[in-house]
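# Close look at the chain arrangement
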Amino acid sequence: MKKLMLALLCATAFLLTGCWDRTDIESRGFVLGIAIDSYPPAPNKPEKGGSASASSEEKEKFEKMELYIEPPTYAITVQLPVMKKAELTTAATGSGGGEGSKTWDITQIGNSFMNMNREMATRTNLSLYYEHLQVIVISESVAREGIENTMDFFVRDPEMRRRVKVFISPTEAKSILAVQPRVEDYSSIYLAKLPINALKNSKIVHETDLGKIIDSIHGGYDFLLPRAEAVKDEIKTSGAAVFNGHIMTGWISGIELEAVKMMGNRYVGGVLPIRSPGDREGIITMEVTKSKSKITPDISGDFPAFRIEIKVEGNYAEGVFIHTHGELDSRFLKNLEDDFSRQIEKSCLQAAEKLQEYRADVIGLERILESKHPGYWDKISSDWDDVFSKAKIEVEVKVELKLTGIVK
Amino acid sequence: MKADTLRPSQVMSIVAIAAMGVDLLMVQNTMVSYAGRDAWISLLLGGFLGIFFGGFMYYLANLYPDKDLPQIFVEVAGKYIGRLLIIPLLIYVLFHTGLSIRIFAQTLLMFLLDRTPIFAIVILMVIVVVYTVYKGIYTLSGVIDIIFPFAIVTVTMLILLSFQQAEFDFIKPVLYNNYPKVLRGSFLGLVQFTGFGHITYVLCYAHGSKISWKWYVTGAGIPIVLYVALTIVTIMAFNPMGVISLTFPTLTLSKSIEFPVTFLERLESFVAMLWISIAFGSISLFTFSSVRNFVALFNIRNEKFVKLATVIHIPLLTIVALAVKSGLKVIEYYLKLNYVLAALTIVIFPAITIIAAFKKRREGKA
């Protein structure tokens, strides 16, 4: 028996001597970003971007692949860092192809993401590795067709991460990856870090994780995704794409997004400027430190009504074209608070109207109705989009200014 | 580490770890698929049922403090009927263990070792498990002693950290139009706590230690509290439909936690690492029980043959683990095994306990 155990132990030692999954780090192609565009690009809205090298016919021949099932519907671009260039400390060359580029953006045209991913293996000596994927940028034309089809590969594959940030681009998604950022080495990392600033600016969508989106799609909930636009060396994210189910139905601006976040209890920080009370020149800015909303549904009418009470706390952060010179008294602040309240109420009602127009309940009213009036919800749930578009939404805002800074 | 008796705290940790195992990764999916957003209530009720039916087993083990469960079967039901009753027990434990190893290997393959052949993971796990069992219950309980605190801390941390993404609305409305499913689901909840039965296999090794009901209930209560909390937080994080679509919600939950600092960026690796030890502990305990079933069924008395019965588990478990090709079918069979367990728990164990109690009373009167 002892001999047998010894033999087994020896066998274990052999099994432990190596690793089947070993891949040398220099052989890995760390995918940092993915852009998904429709193919062929929408005819009445050409998707133009800043890709420098993907236009030639020869290149396009490489990007196309033999397909079992025609026609090709998507163009996927993956961004790989060129490790040798990453060590350079000389003038930034950025990404997007061309000499001295720090990234290699490979585009593949097809209709199955897994198939396109494997087809890229015919063009690179690296083994594509998605564990460090930072962002997925989807073009508007793809989003308007529905993103569930494009997401399956990214959710099913265990290599993918649920915390990957997803953005929607009104132009060609590939052009976002082609940006040559000033500070970061790679546009994907630059873009992935932008939502951090949602603490300072409420025009940015901060809940943009791939996992959250998939949960919303599975649960049948509407959601928002951040809008991303690019110029040569900058990416801007402000405003959001509105999704009804998995289909994009429209855009909301940054200001509308602020209001939606306040109504949906998702506000994490930002500023709000208004005209000074009784002074048509002055602009006073409040730094919002806290915003909490409470939604009360009323089902007594033909359509449900929702009363949204929002409590906002903030600080008097700045006055422009207005010089208080010791005049900041409690009466002035009370007037200011009332003006801020009215301003927020107006923004919220405008934003709610737009969402009703899009028939997309991104505020989360359905969850409140379902949890508070489940019987009523059962009756209307199948027509919720229609009911939501006709629901009455009332907003009441109470603003409290806590601090006024170190001058009066 | 080695001792000639199990302490009450060791019995407690054995009961707790045995109940966790591979179910730790799938319990939310199994329960939510049946009882929807109220799955946590079914699980809680199932836990109470587990303690109730486990109470029969605790009582039974205390009636025969020097015998383990299959030996008690023979003692109470006689040589032939007793052994006949051991057969479903043996089949359940052997297949549960083999399929647990397969699910364990499948999970590792999916999340960590995508190019390693599954047979390599299975064989390695089987060898390590059988070796631990071969060394005896005291070595095994020593290993469980090490695993236990890490398991509790890891699962608790995972639950607490997941609250940052939890939305309370997803578990509301509670019990709306769902009473029948919740009640029926409690039986599904009951079979999630299969490990409670290990009390009848290990109590006979606690010579001289008074294993009170309190220790047993504490051991059983730990997985109940952790499973229920894990199910609640998973539903709140992913919404009920989201949980249904996930094969291994616990690992997905650990993948969803975001830290502002990057040193804990890959929390799922820590969770997977500690889950490997939890699964190892649970699988080892089930293998130990399987060996004891073989020993009682074939009336093995010679220590040399007991060791052979242990070693024979290497091919047996490997065959069970690798026999089914489809990964989804493995999970399906694993869940179907619960019917055998339900029959054992609800019918056979209480019946044997009642007969044993009458027998003991009659012996006492005589």
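Residues numbered from 1 in each chain as written. Chains lettered and ligands numbered in written order. Predicted model: local features only at pLDDT ≥ 70, side-chain atom pairs only at ≥ 80, totals over all residues. Heavy atoms only, no water.

### Some points on the overall build of chain B
Broken down by element type, chain B carries 16 helices and zero strands. When contacts within chain B are restricted to residue pairs at least 6 apart in sequence, long-range pairs at least 24 apart make up 85% of them. (Helix = DSSP H or I, 4+ residues; strand = E, 2+ residues; numbered from the N terminus. Contact = heavy atoms within 4.5 Å.)

### Observations concerning the overall build of chain A
When its secondary structure is counted, chain A shows 14 helices and 14 strands. C-alpha atoms of chain A, sized along the principal axes, occupy 85 × 65 × 60 Å. Buried positions account for 51% of the 408 residues belonging to chain A. Put simply, 75% of the contacts in chain A that link residues at least 6 apart link residues at least 24 apart. A total of about 20,300 Å² of accessible surface is found on chain A, and carbon and sulfur atoms cover 52% of it. (Buried < 20%, exposed > 50% of the residue type's maximum accessible area, 1.4 Å probe, protein only. Areas by Shrake-Rupley, 256 points an atom, 1.4 Å probe, with all protein chains shown as cover.)

### Details of the sheet that holds strand β12 (residues 283–298) of chain A
Two strands in a sheet stick together by hydrogen bonds in their backbones, pointing the same way (parallel) or opposite ways (antiparallel). All names here are of chain A. Pairing in this open sheet of four strands is mixed, and the strands run β11-β12-β13-β14 from one edge to the other. Both outer strands of the open sheet, β11 (270–275) and β14 (392–403), are each paired with one neighbouring strand and no more. In this sheet, adjacent strand axes meet at a mean angle of 40 degrees when their direction is disregarded. Note: β11 against β12, six bridges, orientation antiparallel. Residue pairing for β12: Ile 274 is matched across the bridge by Ile 284. Relative to β14, helix α11 (residues 330–358) is tilted by about 145 degrees, and along the sheet it contacts β11, β12, β13 (305–320) and β14. Strands in contact with helix α12 (residues 365–372) are β12, β13 and β14; relative to β12, the strand with the most contacts, it is inclined by about 35 degrees. (Pairing = 2+ DSSP bridges. Axes fitted to C-alpha atoms, helices over the stretch in contact; angles between N-to-C directions.)

### Quick notes on the domain arrangement of chain A
All names here are of chain A. Considered domain by domain, chain A is made up of domain 1 (27–42 + 55–252) and domain 2 (265–403). Measuring from the centre of the C-alpha atoms in domain 1 to the corresponding centre in domain 2 gives 34 Å. Contacts between the two partners involve 19 residues from domain 1, matched on the other side by 17 residues from domain 2. Approximately 1,400 Å² of surface area, both sides summed, lies buried where domain 1 meets domain 2, with 52% of it carried by carbon and sulfur atoms. Run the count over domain 1 and domain 2 and you get one salt bridge. Residue Arg 266 pairs with Glu 207 through a salt bridge whose shortest N-O separation is 2.6 Å. Our enumeration of links across domain 1 and domain 2 arrives at seven residue pairs in polar contact (both at pLDDT 80 or more). Those elements that place two or more of their residues in the side of domain 1 that touches domain 2 are β8 (223–231), β9 (234–244) and β10 (247–252). Across the side of domain 1 that touches domain 2, the residue classes tally to nine nonpolar, seven polar and three charged. (Domains from an automatic or database assignment. Buried area = accessible area lost by both parts, 1.4 Å probe. Salt bridge = Lys/Arg side-chain N within 4 Å of Asp/Glu carboxyl O. Polar contact = N/O pair within 3.5 Å; in protein donor to acceptor, adjacent residues only side chain to side chain. Nonpolar A, V, L, I, M, F, W, Y, C, P; charged D, E, K, R; others polar.)

### Remarks on the interface of chain A and chain B
If you look at the interface, chain A gives 35 residues, while chain B gives 42 residues. Roughly 3,300 Å² of surface becomes buried between chain A and chain B when both sides are summed, with 54% attributable to carbon and sulfur atoms. When the area that chain A buries against chain B is broken down by residue, the three leading residues are A:Trp20, A:Arg162 and A:Arg163, summing to 19%. The interface formed by chain A and chain B contains three salt bridges. In this structure, the salt-bridge partner of A:Arg266 is B:Glu167, at a minimum N-O distance of 3.2 Å. At the junction of chain A with chain B, the criterion picks out 16 residue pairs in polar contact (both at pLDDT 80 or more).

### Overview of the pairing of β12(A)
Residues and elements named next belong to chain A. In this sheet, β13 lies alongside β12 in antiparallel orientation, the contact comprising 15 bridges. Along β13, the bridge assignment pairs Asp 298 with Ala 305. Counted along the chain from β12 to the antiparallel partner β13, the turn is six residues long.

### Here's the deal with the packing of helix α3 (residues 39–63) of chain B against helix α10 (residues 213–238) of chain B
Residues and elements named next belong to chain B. At a closest axis distance of 9 Å, the pairing of α3 and α10 adopts a crossing angle of 165 degrees. Taken together, α3 and α10 sit at an angle that is classed as roughly antiparallel. Handedness of the crossing formed by α3 with α10: right-handed. Across from Ala 39, Trp 40, Leu 43, Leu 44, Gly 47, Phe 48, Gly 50, Ile 51, Gly 54, Gly 55 and Tyr 58 in α3, the residues of α10 making contact are Trp 213, Tyr 216, Val 217, Ala 220, Ile 224, Tyr 227, Val 228, Thr 231, Ile 232 and Ile 235. Along the lines of polarity and charge, the residues of the contact of α3 with α10 split into 16 nonpolar, five polar and no charged. (Parallel < 35°, antiparallel > 145°, perpendicular 65-115°, else oblique. Left-handed = near helix turned anticlockwise from the far one by under 90°.)

### Notes on a nonpolar patch on the surface
Together, A:Met1, A:Leu4, B:Phe305 and B:Leu308 give the surface a local cluster of nonpolar side chains, amounting to about 350 Å² of exposed area. Summarising the element assignment, B:Phe305 is placed in helix α14 (residues 303–311). The class of B:Phe305 is partly exposed, set by a relative accessible area of 46%. (Patch = residues over 30% accessible without salt bridge, like charges linked within 9 Å, V, L, I, M, F, W, Y side chains within 5 Å.)

### Re the packing of helix α10 (residues 254–263) of chain A against α11(A)
All names here are of chain A. As a packed pair, α10 and α11 sit with axes 8 Å apart at the nearest point and diverge in direction by 95 degrees. Considered as vectors, α10 and α11 are oriented roughly perpendicular to each other. In contact with Ile 255, Glu 256, Ala 259, Val 260, Met 262 and Met 263 of α10, α11 contributes Ile 344, Ser 347, Cys 348, Ala 351, Ala 352, Lys 354 and Leu 355. Its residues assigned to classes, the contact of α10 with α11 shows 10 nonpolar, one polar and two charged.

### Describing the pattern of salt bridges
If you walk through the whole model with that rule in mind, you get 28 salt bridges over all chains. Salt-bridge contacts for A:Glu394 lead to A:Arg307; the nearest nitrogen and oxygen are separated by 3.3 Å. Of this pair, A:Glu394 sits in strand β14 while A:Arg307 is found in strand β13, placing the two residues 87 residues apart along the sequence. A:Glu394 sits in the partly exposed class, given a relative accessible area of 32%. A:Arg307 sits in the partly exposed class, given a relative accessible area of 33%. In this structure, B:Asp145 engages B:Arg7 in a salt bridge whose closest nitrogen and oxygen atoms are separated by 3.7 Å.

### Notes on the nonpolar core
Counting residues in each nonpolar core, the largest one holds 135 residues, and the members touching the most others are B:Leu6, B:Val11, B:Phe104 and B:Phe196. Among the elements that make up this core, the one with the highest residue count is helix α13 (residues 267–297) of chain B (16 residues). Formed by 52 residues, the second largest nonpolar core is a distinct cluster that contains A:Met262, A:Val288, A:Ile344 and A:Leu401. (Core = buried A, V, L, I, M, F, W, Y, C linked by side-chain atoms within 4.5 Å.)

### Focus on unusual backbone geometry
That bond from A:Tyr39 to A:Pro40 is cis: its omega, -5 degrees, falls within 30 degrees of zero. With respect to the helices and strands, A:Pro40 occurs in the loop between β2 (33–38) and α2 (57–63). One non-glycine residue, B:Asn177, lies in the positive phi region at around 50 degrees. Note on placement: B:Asn177 falls in the loop between α7 (137–162) and α8 (179–190). The phi dihedral of B:Asn239 falls on the positive side, at around 65 degrees, and the residue is not glycine.

### What to know about α13(B)
Taking 1.5 Å as the rise per residue, α13(B) with 31 residues should run 45 Å; its terminal C-alpha atoms sit 45 Å apart, in good agreement. For α13(B), the tally of buried residues reaches 25 of 31 residues, placing the bulk of the element in the interior. (Expected span 1.5 Å × (residues − 1).)

### Some remarks on the packing of aromatic side chains
Scanning the entire structure with this criterion turns up 24 aromatic pairs over all chains. A ring pair is formed by A:Tyr221 and B:Phe170, whose centres lie 5.5 Å apart and whose planes are at 40 degrees; its orientation type is tilted. Here A:Tyr221 is found in the loop between α9 (210–219) and β8, whereas its partner B:Phe170 is found in the loop between α7 and α8 on a different chain. Owing to a relative accessible area of 9%, A:Tyr221 belongs among the buried residues under this scheme. Residue class for B:Phe170 comes out buried when judged on its relative accessible area of 5%. Judged by centre distance (6.2 Å) and plane angle (50 degrees), the rings of B:Phe73 and B:Phe349 are tilted. One end of the pair, B:Phe73, is in helix α4 (residues 69–77); the other, B:Phe349, is in helix α16 (residues 327–365), and 276 residues separate them in sequence. Through a chain of ring-to-ring contacts, three or more aromatic side chains come together here, namely A:Tyr74, A:Phe113, A:Tyr130, A:Phe153 and A:Phe154. The ring of B:Tyr64 carries B:Lys360 above its face, with NZ or CZ at 4.6 Å from the centroid. (Phe/Tyr/Trp six-rings, centres within 6.5 Å; stacked < 30°, edge-to-face > 60°. Lys NZ or Arg CZ within 6 Å of the ring centre and 35° of its normal.)

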